[in-house]
Number of protein chains: 2
Amino acid sequence: MKSIIISIGDEILIGQVVNTNAAWLGKELTAIGIPPERVLTIPDDENEIINEFKAAFKKYNVIIVTGGLGPTHDDLTVKSAAKFFKSKYILNQKVLKHVKHIFARRKINMPAVNIGQALVPEIAKVLHNKTGTAPGLLFDKKGRVLCIMPGVPYEMKYICKTGLFPYLRNKFAKRITRVIRQKTLHTIGIGESLLAEKIGDISKIVRKKRDFEVKLAFLPSNYEVRLRITAIAKTELKAKKLINDAVLLLYKKAGKYIYSDDESPIEKTIGVLLKKRGLKLAVAESCTGGLVCSKITDVAGSSDYLSDGIVAYSNEAKKKLLGVKSITLKKFGAVSEKTAKEMAEGVKRRSKADIGISTTGTAGPTGATRGKPVGTVWIGFSDRKNTFAKKFIFSKDRLRNKDIISKMALEIVRQQLTPKSQQL
Amino acid sequence: MKSIIISIGDEILIGQVVNTNAAWLGKELTAIGIPPERVLTIPDDENEIINEFKAAFKKYNVIIVTGGLGPTHDDLTVKSAAKFFKSKYILNQKVLKHVKHIFARRKINMPAVNIGQALVPEIAKVLHNKTGTAPGLLFDKKGRVLCIMPGVPYEMKYICKTGLFPYLRNKFAKRITRVIRQKTLHTIGIGESLLAEKIGDISKIVRKKRDFEVKLAFLPSNYEVRLRITAIAKTELKAKKLINDAVLLLYKKAGKYIYSDDESPIEKTIGVLLKKRGLKLAVAESCTGGLVCSKITDVAGSSDYLSDGIVAYSNEAKKKLLGVKSITLKKFGAVSEKTAKEMAEGVKRRSKADIGISTTGTAGPTGATRGKPVGTVWIGFSDRKNTFAKKFIFSKDRLRNKDIISKMALEIVRQQLTPKSQQL
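How each quantity is defined
Residues numbered from 1 in each chain as written. Chains lettered and ligands numbered in written order. Predicted model: local features only at pLDDT ≥ 70, side-chain atom pairs only at ≥ 80, totals over all residues. Heavy atoms only, no water. Buried < 20%, exposed > 50% of the residue type's maximum accessible area, 1.4 Å probe, protein only. Helix = DSSP H or I, 4+ residues; strand = E, 2+ residues; numbered from the N terminus. Pairing = 2+ DSSP bridges. Lys, Arg positive; Asp, Glu negative; His and termini not counted. Salt bridge = Lys/Arg side-chain N within 4 Å of Asp/Glu carboxyl O. Polar contact = N/O pair within 3.5 Å; in protein donor to acceptor, adjacent residues only side chain to side chain. Contact = heavy atoms within 4.5 Å. Least-squares fit on C-alpha atoms with pLDDT ≥ 70 in both. Buried area = accessible area lost by both parts, 1.4 Å probe. Nonpolar A, V, L, I, M, F, W, Y, C, P; charged D, E, K, R; others polar. Axes fitted to C-alpha atoms, helices over the stretch in contact; angles between N-to-C directions. Patch = residues over 30% accessible without salt bridge, like charges linked within 9 Å, V, L, I, M, F, W, Y side chains within 5 Å. Areas by Shrake-Rupley, 256 points an atom, 1.4 Å probe, with all protein chains shown as cover. Charge placed at Lys NZ, Arg CZ, Asp CG, Glu CD. Bend = angle between axes of the 7 residues up to and from the residue. Parallel < 35°, antiparallel > 145°, perpendicular 65-115°, else oblique.

Bringing the pairing of strand 8 (residues 144-149) of chain A into the picture now. All names here are of chain A. Burial analysis of strand 8 places five of its six residues in the buried class, the great majority of the element. Sheet topology places strand 3 (residues 62-66) next to strand 8; five bridges connect them, and they run parallel. The partner of isoleucine 64 across the bridge, within strand 8, is cysteine 147. As paired strands, strand 7 (residues 136-141) and strand 8 are joined by five bridges and run antiparallel to one another. The partner of aspartate 140 across the bridge, within strand 8, is valine 145.

Let's shift gears to the side chain of aspartate 44 of chain A. Along the chain, aspartate 44 of chain A turns up in the loop between strand 2 (36-42) and helix 3 (46-59). As a buried residue without a salt bridge, aspartate 44 of chain A has its nearest oppositely charged side chain in lysine 215 of chain B, at a separation of 11 Å. From its side chain, aspartate 44 of chain A meets the backbone nitrogen of aspartate 10 of chain A in a polar contact 3.0 Å long. Excluding anything up to four places from it in sequence, aspartate 44 of chain A contacts Ile8, Gly9, Asp10, Glu11, Asp74 and Leu76 of chain A.

Before going further, it helps to spend a moment on the relation of the copies chain A and chain B. Mapping chain A onto chain B calls for a rotation angle of 180° and an axial translation of 0.3 Å; the resulting RMSD is 0.3 Å. Within this description, the copies of the chain are treated as partners about a two-fold rotation axis. Taken together, the interface assignments show that 100% of the residues at the interface of chain A recur at the interface of chain B, consistent with an identical surface on both copies.

Interface size is commonly expressed as the accessible surface area that is lost when the partners come together. At the junction of the two partners, chain A supplies 54 residues and chain B supplies 54 residues. Carbon and sulfur atoms supply 51% of the area buried between chain A and chain B, which totals about 4,100 Å² over both sides. Taken as a group, Leu13, Arg38 and Tyr313 of chain A account for 14% of the area that chain A buries against chain B, more than any other trio of residues on that side. Summed over the shared surface of chain A and chain B, the result is six salt bridges. For arginine 38 of chain B, the salt bridge identified is with glutamate 48 of chain A, shortest N-O distance 2.6 Å. Where chain A touches chain B, the interface holds 30 residue pairs in polar contact (both at pLDDT 80 or more). Elements that contribute at least two residues to the side of chain A that touches chain B include exactly helix 2 (20-32), strand 2, helix 3, helix 10 (291-297), strand 15 (306-312), helix 11 (315-322), helix 13 (337-351) and helix 14 (398-417) of chain A. Counted by class, the side of chain A that touches chain B contains 22 nonpolar, 20 polar and 12 charged residues.

Turning to the sheet that holds strand 7 (residues 136-141) of chain B, a few remarks are in order. The strands making up a sheet associate through hydrogen bonds between their backbones, and the pairing can be parallel or antiparallel. The strand order 6(A)-7(A)-8(A)-3(A)-1(A)-2(A)-2(B)-1(B)-3(B)-8(B)-7(B)-6(B) describes an open sheet built from 12 strands, whose pairing is mixed. Single-partner strands in this sheet number two, and they are strand 6 (125-127) of chain A together with strand 6 (125-127) of chain B. Going across the sheet, the axis of each strand differs from the next one's by a mean of 15°, ignoring polarity. Relative to strand 2 of chain A, strand 1 (residues 3-8) of chain A is paired through six bridges, and the arrangement is parallel. Looking across to strand 2 of chain A, one finds that isoleucine 5 of chain A is bridged to valine 39 of chain A. Helix-sheet contacts for helix 6 (residues 153-171) of chain A involve strand 3, strand 6, strand 7 and strand 8 of chain A, and the interaxial angle to strand 8 of chain A is about 175°.

This part covers a negative patch on the surface. Residues and elements named next belong to chain A. Side chains of Asp10, Glu11, Asp45 and Asp74 sit close together on the surface and give a patch of like negative charge. With respect to the helices and strands, the residue glutamate 11 is situated in helix 1 (residues 10-13). For glutamate 11, a relative accessible area of 32% puts it in the partly exposed group.

For the rest of this paragraph, the subject is helix 6 (residues 153-171) of chain B. Residue and element names in this part refer to chain B. The largest bend along helix 6 measures about 50° and falls at cysteine 160. Listing the buried residues of helix 6 in full gives Glu155, Met156, Ile159, Cys160, Gly163, Leu164, Phe165 and Leu168. Tucked inside the fold, the buried residues of helix 6 contact helix 2 (20-32), strand 3 (62-66), strand 6, strand 7 and strand 8 (144-149).

A few words on the packing of helix 7 (residues 192-199) of chain B against helix 8 (residues 236-254) of chain B. All names here are of chain B. For the pair helix 7 and helix 8, the least separation of the axes is 8 Å and the interaxial angle reads 105°. Of the possible angle classes, the one that applies to helix 7 and helix 8 is roughly perpendicular. Residues Leu195, Lys198 and Ile199 of helix 7 pack against Leu250, Lys253 and Ala254 of helix 8. Residue composition of the contact of helix 7 with helix 8, grouped by class: four nonpolar, no polar and two charged.

Next comes the structure, spelled out in C-alpha cells:
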C-alpha cells in the first residue's frame, strides 16, 4: 500500500507558505498503514496537475491532493480532476445549501462565484466540510483512490478525520498489513546520555520480531529530550499494546523525568497538580520577563491556581515588590542563590500563595559578569516547608533561554508536587 | 530558468519533520530569478534518488538537493550523486582538516565514520560548511547545476548564502532575465477593507509594463494585515527602486498603521521609541497573563525601558498590587473601561514609570457574562498627560487572543509615541 501527497499552489513553491499539511498527512497516513512514498508540490497549472494525476494514478494506491479548491479563477484542482476522470459536473444540492448557510451565518450576501463550489464531478463522492465552503471530493476508480481537499489546514484535517480516513480504513482493511502507532514521552532537565543511563537495558523495549517491531528514539532539543516509541504491528490492538508495554517500562525507569505522555505542555501538567491539591502559585520573574506566567495562563482555568505574577527586572523592583534585601543584592548580586530564594519567598508571602517560584539570570545574548557566564540562571522555589534555589547554565540565545528557563521553573514545581512514591 | 527542490529523507515523508527548508529555498530561489517549479520529497533510497536525479537533470537548469549527507549508513545522497555523475571519490584534505577541527573544538574523539565526510566525488566543487561537518557539493555539467547540501537548516542556509547563490548568480547572470524582490509592511488593529480604503487608488503602486511589474497583496491574519509588495524587474537595482517607490506611497496613505517594514516585531519598534525618548514603561496584565511583558523582554536591552510588570489575575491582586478601587470592581466589573484605566494608572504610579499600560478581558474559550461576550477586552494607557482605555472584541481562541491583545497593547504605546506629524 503506497500513497503520494500532491500539494497544489504557487504560494508553496515560492515559499510564502510552509507545507505543514504534508507533514500532518504524512504522519496520519503512516499511522493508518498507507505511508507516503512521495510528497510533491506543483504549480496552479491545469496541464501540470493533470499530468501529475496521470503519473500518480499509475504508481500509487492512494493519491492525496490538497489546495486549489477556492472559488477563484486560479483554483484549478476540481476542474483538473473532472477532466482527468472525464466526468461531467452536477449541482450538489447539499453542498449548495451548506455554502449558502455559511454565508447567511456570516451575514454576507453569497457572491455568485461561490455557487461554483457546489458544482461537483458526477463520479465524485462528496466529503462534507463543516468548516468551510469547499467540500472534499473522493474518486474511487480501478481500485485506486484520489481525494482532493482544500489547502486550509483545519478544513483539510476535518475532511480527513470525518471522511477520507474512515473511507481508506474501510476500503483497504484487508490490504493494510501493518499498522504503525507512535507515542512520545516528554522529559526535561536531564541530558540525553544520563537519561539513556537511567533507562538502561532497552532490549525489553526495542524488539524486532517476524510480525511486529518496536523502536525507541531519543530526540533532544534545547535541554528537553523526547522519547519516541514506534510500534509496527498487524493490528491496531497489538500496536497499542506494544506501545503501552514500552510506556510502562519507561515510566518504571525514568518516570520521574517524564512530564507529559500526551503532547500536553508542562503548564497543563502542573495546572492539574495544583488544582487537585487546592494550592495557589505565585511567580516572581526577572530573566524570563513574564513568560512563566504567560505559559501558566495559556491554560484555561488557570485563575483557579495562579494568584499573581511579578516581573521584577530591576533591583529596585526586586526590593520594593518582592522584599529582596538590599544587602543580598549588594553582597551576592541579582543573579544568585540568595536572591532567587528571597524572590520566591517574597512573592509567596506577599501574594499569600502556597508556593512561590522565581527566575533570575542573564538571558543573553550579552550580560556576562565575572564568574557568571551568559545563560547563568537561578530558579527559586518556596512552599510551606522549604525554600531552595537551583542553578543552571543555558546557552547565549535569549529566546531559547527564556523558553527553557520557564519550562524548568514549572518542572521544579511539578517535581515538588509529585509524591516521591510515584517517582519510581 | 527553472529549478527543482528535492528533499531527501524518510523523516520528512512520515511527517516527523516539517519541510521548512523547501519554503526558505523557494523564497530565495524566486528572489534570485530561478523560481522552483517543483518541490519533491523522496525516501532515503539510492535507486529512487538516482532516478529522480536523472529525471530532474532532463527538465531543470538548477537542481537543489537537501538531506542525507550525514555520516551514517542511511545517508545516501553523496553516494547517489557520485554514481549518477559516474565520478570517483577523492579525499579532500581541506574538508578533512575542517571535520577534525570541529571534533577537536568539541573535545570529542572523531569517530572513524566521519572521515568519510571528506571523501568527495572528484568532479564536485566543494562548498565550505563552517557550521557543520558535511560540505555542500556542487556539480556543474552540460550547463546544468545540481547541488547537494545537508538538511540541517542553518547549515543549508550557510552553504547557500556563501557558496551556492553567488555561484548561481554568476553562472546564470546573462540568462536570469528577471529579478523578484518582495517587501512586507506589517499593520495591526485595522481591518483589511478599511486599510484598502485608506490606501485608496492603487494604480500608482500596482503596475504591469513590458519590462517590469509591481504587485500588492493584502494578507490578513488574526487582526493583523500584512501588505506584501512584489516587484519583478530585469535588474536588482530596478526591482529595489520599484519596491521603495511602493513603500513610500503606502506610508503616505497608511503609514500610521504600519509598525514594521523589516519583519521585526512590534516590541522592537516600541523599544526603539521608548529608548530614544528615555521613557520607562510599566505593565499591568490580567487577561494576557504576562505575555505583554514577555514580548517586551524578548528584546535584548529591554531592561533600559521596562520598569516592572504585574500579572494581576484576581480582583484581590488588582486592588492590592495596582490600587484598583473596590467600588470600581463592584460597580463596573474587572472587564471595564474604568478598571483598565485604574490598572494602567496604578502600575505607572507604583512603578514610578512614565507610561503604564494594562489589559483586562475574557481571553476565552469560556467566561462570557451579560453584555460581555468572550473575547471582550479593555486595554488601558496612562502617561503624564492622559489616561484612556480602548475596547476590543476578539475571538474565543485563548492563545490567539493573548497574542493579539498583547500586540494591540504595544501598538497603542507605539501610536502614542509616534508624533502626529509622522502619522500621515
